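# A look at the structure
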Amino acid sequence: MLWGSRWMDGETSQPSAVQEAPMRVQDRDCGRIWVPRDPPEALHFDEKLMIFKPSGWEVENPSGSSSLCAFLIRILGPRPIFQDARATFGFLHRLDVPSSGLILAACSYESYYDLRVQLANGDVLREYLVLCHGFGSALSVISSGVLWSDAGGRSRASGRGKPSRSVVKNWALGYLTTSSCSWAVVRIATGRRHQIRVHLAFEGRPSYGDAMYTTAATNEFDWHVCPRNMLHRHHLRFFDSDSRHSVIAPLPSDMVGVLSKIVPKDSASKERLQKLQSWKAEMLEELDLENEEFSE
């Protein structure tokens, strides 16, 4: 496969020019228009890329100037993989428009298929920080199948869905106006469409600002206190040649703004919320799920 990918990277056909579009993105989840404010950032690891996606940016759209795909074309120039929908434009995974965080991408087919093998082998670690409704269990493992519906544009927990697994660990508890809430760190072992959002809703504690998987009343309440879905992929780990790379992305400013409104439930939560707000290095070991039970 890697030899074939080298040949594909040597293709000489020229991709179509990028058409500049207004810096606005229609969020299919809730019909809102998102105006991106912050530019993405990219770290190079040979032919692999770690990209920070701000809220309001989409991922796979070569013709939109507010997409990560077009962003890569602008900073790196046109490459065959950036125009290939069959190879998901070089992206290993995606994040929904309102969400933020780290995304892995490849500049070449060889690197793309290398990352796909790592993903299939469970070598790519993906962890998220999510502000959830309610308190829930201190640590829960959610294994409900996730079924995607193209017609409705949403997923749902179902025994007929693809096997899915998420580990959710409460990290800090508090109150946001009149509602209980929890900052949770989530690790996924599978990457189904909307998996974390579906699993949290299935557990009865949907993420704040999630218009698709909450009731209309809850969504109306969330919209007054949260600027968007409170889901952020803060930690990604992968391998490049013989090296392991672990990248951490602090909470963006809009999530820190919501964080400052939370009244902590207890002293431990107060201390952790302060660490989260200032992004102190010592909290990363507490957030890490490496030593938690993650096997069947």
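What you see is a predicted model; the values in this text were computed from it and never measured. (Residues numbered from 1 in each chain as written. Predicted model: local features only at pLDDT ≥ 70, side-chain atom pairs only at ≥ 80, totals over all residues. Heavy atoms only, no water.)

### Remarks on the overall build of the chain
How we decide: Helix numbers and strand numbers start at the N terminus; a helix is a DSSP run of H or I with at least 4 residues, a strand a run of E with at least 2. Only protein chains enter the accessibility calculation, which uses a 1.4 Å probe. A residue is then buried if its area is under 20% of the maximum for its type, exposed if over 50%, and partly exposed in between. Any pair of residues with heavy atoms lying within 4.5 Å of one another is described as a contacting pair. In these tables, accessible area is a Shrake-Rupley quantity obtained with a 1.4 Å probe, and a residue counts as shielded only by the protein chains included in the view.
Across its full length, the chain holds eight helices and 14 strands. For the chain, with 296 residues in total, the buried portion stands at 51%. Contacts in the chain between residues far apart in sequence, at least 24 positions, make up 66% of those at least 6 positions apart. Counting only carbon and sulfur atoms, one obtains 51% of the accessible surface of the chain, whose full area is about 13,900 Å².

### Brief notes about helix H3 (residues 109–120)
Definition in use: Between the first and last residue of a helix there are one fewer steps than residues, each counted as 1.5 Å, and that sum is the expected span.
Between the first and last C-alpha of H3 there are 16 Å, a value that for twelve residues agrees with the 16 Å anticipated at 1.5 Å per step. Every buried residue of H3 is accounted for by Tyr109, Ser111, Tyr112, Leu115 and Gln118. Just downstream of H3, glycine 122 is the residue with a positive phi angle, here 80°.

### Digging into the nonpolar core
We count it as follows: Residues belong to one nonpolar core when they are buried, are Ala, Val, Leu, Ile, Met, Phe, Trp, Tyr or Cys, and are joined through side-chain atoms within 4.5 Å.
Core analysis: the largest hydrophobic core is formed by 44 residues, its most contacted members being Met50, Leu72, Phe91, Leu104, Tyr128, Val130 and Ile196. Listed by contribution, the elements that provide at least two residues to this core are strand S4 (48–53), helix H2 (68–76), strand S5 (100–106), H3, strand S6 (125–133), strand S11 (179–188), helix H4 (195–202) and strand S12 (231–240). Ignoring anything within four residues of it in the chain, the contact list for valine 130 reads Ser182, Trp183, Ala184, Val186, Ile196, Leu200, Ser207, Met230 and Leu231. Core analysis: the next-biggest nonpolar cluster, separate from the first, contains 23 residues, Trp183, Met230, Leu276 and Met283 among them.

### Topic: the pattern of salt bridges
Definition in use: Salt bridges are counted wherever a side-chain nitrogen of Lys or Arg sits within 4 Å of a carboxyl oxygen of Asp or Glu.
Taken as a whole and judged by the stated rule, the model has eleven salt bridges. Aspartate 240 is the partner of lysine 48 in a salt bridge, and the nearest nitrogen-oxygen pair spans 3.1 Å. With lysine 48 in strand S4 and aspartate 240 in strand S12, the pair connects residues that are 192 residues apart, well separated along the chain. Salt-bridge contacts for arginine 197 lead to aspartate 210; the nearest nitrogen and oxygen are separated by 2.8 Å. Pair noted here: arginine 197 is in helix H4 and aspartate 210 is in the loop between H4 and helix H5 (216–225), with a separation of 13 residues, a long-range link. Residue arginine 197 is classed as buried on the basis of its relative accessible area, which comes to 4%. Taken together, the salt bridges that share partners define one network made up of Arg94, Asp96, Arg197 and Asp210.

### Considerations on the environment of cysteine 107
In this structure, cysteine 107 sits in the loop between S5 and H3. Separated by 61 residues in sequence, cysteine 107 and aspartate 46 have C-alpha atoms that sit 8.8 Å apart. Apart from the residues lying within four places of it in its own chain, the contact partners of cysteine 107 are His44, Glu47, Leu49, Leu76, Arg79, Ile81 and Phe82.

### Observations concerning the pairing of S12
The cut-off we apply is this: Should DSSP find at least two bridges between two strands, the strands are taken to pair.
Where burial is concerned, most of S12 is hidden: nine out of the ten residues are buried. Direction of pairing for S6 relative to S12: antiparallel, over a ladder of six bridges. Pairing of valine 130 across the sheet is with leucine 231, part of S12. Judged from the six bridges that link them, S12 and strand S13 (residues 243–248) form a sheet pairing that is antiparallel. Along S13, the bridge assignment pairs phenylalanine 239 with arginine 244.

### Quick notes on the environment of tyrosine 208
Relative to the helices and strands, tyrosine 208 is located in the loop between H4 and H5. Since its relative accessible area comes to 0%, tyrosine 208 is described here as buried.

Interpretation note: all reported values are geometric properties and have no functional meaning in isolation.
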